[in-house]
Amino acid sequence: MHSPPAQPFDGSPDREIGSLTEFDEIVSAHGTLAGFRVRSVDLTGRTDVLVSLDATGAVFLGCAMDPEAAAQVRAAGALVFPPVPTCPSLPTGVSCTPPTSCSRACRAAATR
C-alpha cells in the first residue's frame, strides 16, 4: 500500500487552536470556527459562543464542552471527539506515546 504523495505547502496559516486564549482570538478575528481544529481546549465556559458560530467542518479533539454545545456543533457538521481522561493529549509536533500504553489506558477508561 502506498501513501499519497506529499502536498506542497500552500502558504495558508495553521488552522489549529490549542488554547482558550487562541480560541477567543480566532472567534473575535474570524467570527467562525468553520474548518478549524480545536485541540484539548476546555470550552465548557464558551457554550453561548459555540452554539452561535458556524462550525461546518470543524474538528474538536479532546475538548471538554457542555452536551448542548457538543450536540449543536455536531448538527452543524463538526466532528467532536470527547476527551478520554486516561489518554494523554499531546501538543502539536510531539511524537505519540507507544500505542499499547494508550490503548490499554483507553480500554480501561471505557470499562469504568
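Residues numbered from 1 in each chain as written. Predicted model: local features only at pLDDT ≥ 70, side-chain atom pairs only at ≥ 80, totals over all residues. Heavy atoms only, no water.

Participant: So what's going on with helix H1 (residues 20-30)? Which residues, and what values?
Facilitator: The α-helix winds at 3.6 residues per turn, so residues separated by three or four positions along the chain end up facing the same way. All of the buried residues in H1 are Phe23, Ile26 and Val27. Down the axis of H1, the smallest arc covering the buried residues is 95°, so these residues share one side. Among the exposed residues of H1, those oriented more than 90 degrees off its buried face are Thr21, Glu25, Ser28 and Ala29. Residues of H1 that are buried make contact with strand E1 (16-17) and helix H2 (47-52). Backbone geometry just after H1 places Gly31 at a positive phi near 70°. (Buried < 20%, exposed > 50% of the residue type's maximum accessible area, 1.4 Å probe, protein only. Helix = DSSP H or I, 4+ residues; strand = E, 2+ residues; numbered from the N terminus. Arc of directions from axis to C-beta. Contact = heavy atoms within 4.5 Å.)

Participant: Tell me about a nonpolar patch on the surface, and name the residues and values.
Facilitator: A grouping of Leu61, Leu79 and Phe81 is seen on the molecular surface, where their side chains present a nonpolar patch of about 260 Å² in accessible area. Position of Leu61 among the secondary structure elements: in strand E3 (residues 59-61). The class of Leu61 is partly exposed, set by a relative accessible area of 31%. (Patch = residues over 30% accessible without salt bridge, like charges linked within 9 Å, V, L, I, M, F, W, Y side chains within 5 Å. Areas by Shrake-Rupley, 256 points an atom, 1.4 Å probe, with all protein chains shown as cover. Salt bridge = Lys/Arg side-chain N within 4 Å of Asp/Glu carboxyl O.)

Participant: Any details on the packing of aromatic side chains? Residues and values, ideally.
Facilitator: Considering all chains together, one arrives at 0 aromatic pairs under this definition. Sitting over the face of the ring of Phe36, Arg15 holds its NZ or CZ atom 4.2 Å from the ring centroid. (Phe/Tyr/Trp six-rings, centres within 6.5 Å; stacked < 30°, edge-to-face > 60°. Lys NZ or Arg CZ within 6 Å of the ring centre and 35° of its normal.)

Participant: So what about the environment of Glu22? Which residues, and what values?
Facilitator: Turning to its location among the elements, Glu22 is positioned in helix H1. Taking C-alpha positions, Glu22 is 9.7 Å from Val41, a pair spaced 19 residues apart along the chain.

Participant: Quick one: what's the story with the environment of Val38, residue by residue and with numbers?
Facilitator: If you trace the backbone, Val38 turns up in strand E2 (residues 37-39). Judged by relative accessible area, which is 0%, Val38 ranks as buried. Between the C-alpha atom of Val38 and that of Phe60, which follows or precedes it by 22 residues, the distance is 4.8 Å. Once residues lying within four places of it in the same chain are set aside, the contact partners of Val38 are Ile17, Leu43, Val59, Phe60, Leu61 and Cys63.

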